Amino acid sequence: MTLAVHACRSLCSWHRTPKELNGFPLLACRGCGSQWIRSEPWTPIDHTGRIPDDVRAELAER
């Protein structure tokens, strides 16, 4: 499985999913459908420009 990455929209809202990828919890955007795990070199932000709490929790595990 590879991550889905799409252009951000004003609907972006990142949340943890029940799935894992490469042993990491998989987070996904409910707005654009992009996916992220903490080993990725980029950091998701939501539609307000804020790093979501679920993403912050994963970053703290790095």
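Small disclaimer: the values here were computed from a predicted structure and weren't measured.

S.K.: A description of the pairing of strand β1 (residues 14-21) should follow, citing residues and the corresponding values.
M.R.: When β1 meets strand β2 (residues 24-29), the two strands line up antiparallel, connected through five bridges. Bridge pairing links Trp-14 to Cys-29 in β2. Between β1 and β2, which follow one another and run antiparallel, lie two residues, and Asn-22 among them has a positive phi close to 55°.

S.K.: Please provide a residue-by-residue account of the packing of aromatic side chains, values included.
M.R.: Scanning the entire structure with this criterion turns up one aromatic pair. A centroid spacing of 6.0 Å and a plane angle of 70° characterise the contact between Trp-14 and Trp-42, whose relative ring orientation is edge-to-face. Separated by 28 residues along the polypeptide, Trp-14 in strand β1 and Trp-42 in the loop between β3 (35-36) and α1 (53-60) bring together distant segments of the chain.

S.K.: Go over the sheet that holds β2 with me, naming the residues and quoting the values.
M.R.: Taken in spatial order, the three strands line up as β1-β2-β3 in an open sheet, and their pairing is antiparallel. Looking along the sheet, the strands with just one partner apiece sit at the ends: β1 and β3.

S.K.: So what's going on with the nonpolar core? Which residues, and what values?
M.R.: Membership of the largest hydrophobic core is limited to seven residues, which are Cys-12, Trp-14, Leu-27, Cys-29, Cys-32, Trp-36 and Val-55. Setting aside its immediate chain neighbours within four residues, Cys-29 contacts Cys-12, Ser-13, Trp-14 and Ser-34.

S.K.: Got a sec to walk through the environment of Met-1? Specific residues and values, please.
M.R.: With respect to the helices, strands and loops of the structure, Met-1 is situated in the segment before β1. Classification of Met-1 as exposed rests on a relative accessible area of 63%. Each residue touching Met-1, except ones within four places of it in the same chain, is listed here: Leu-21, Leu-26 and Gln-35.

What counts and what doesn't
- Residues numbered from 1 in each chain as written.
- Predicted model: local features only at pLDDT ≥ 70, side-chain atom pairs only at ≥ 80, totals over all residues.
- Heavy atoms only, no water.
- Pairing = 2+ DSSP bridges.
- Helix = DSSP H or I, 4+ residues; strand = E, 2+ residues; numbered from the N terminus.
- Phe/Tyr/Trp six-rings, centres within 6.5 Å; stacked < 30°, edge-to-face > 60°.
- Core = buried A, V, L, I, M, F, W, Y, C linked by side-chain atoms within 4.5 Å.
- Buried < 20%, exposed > 50% of the residue type's maximum accessible area, 1.4 Å probe, protein only.
- Contact = heavy atoms within 4.5 Å.

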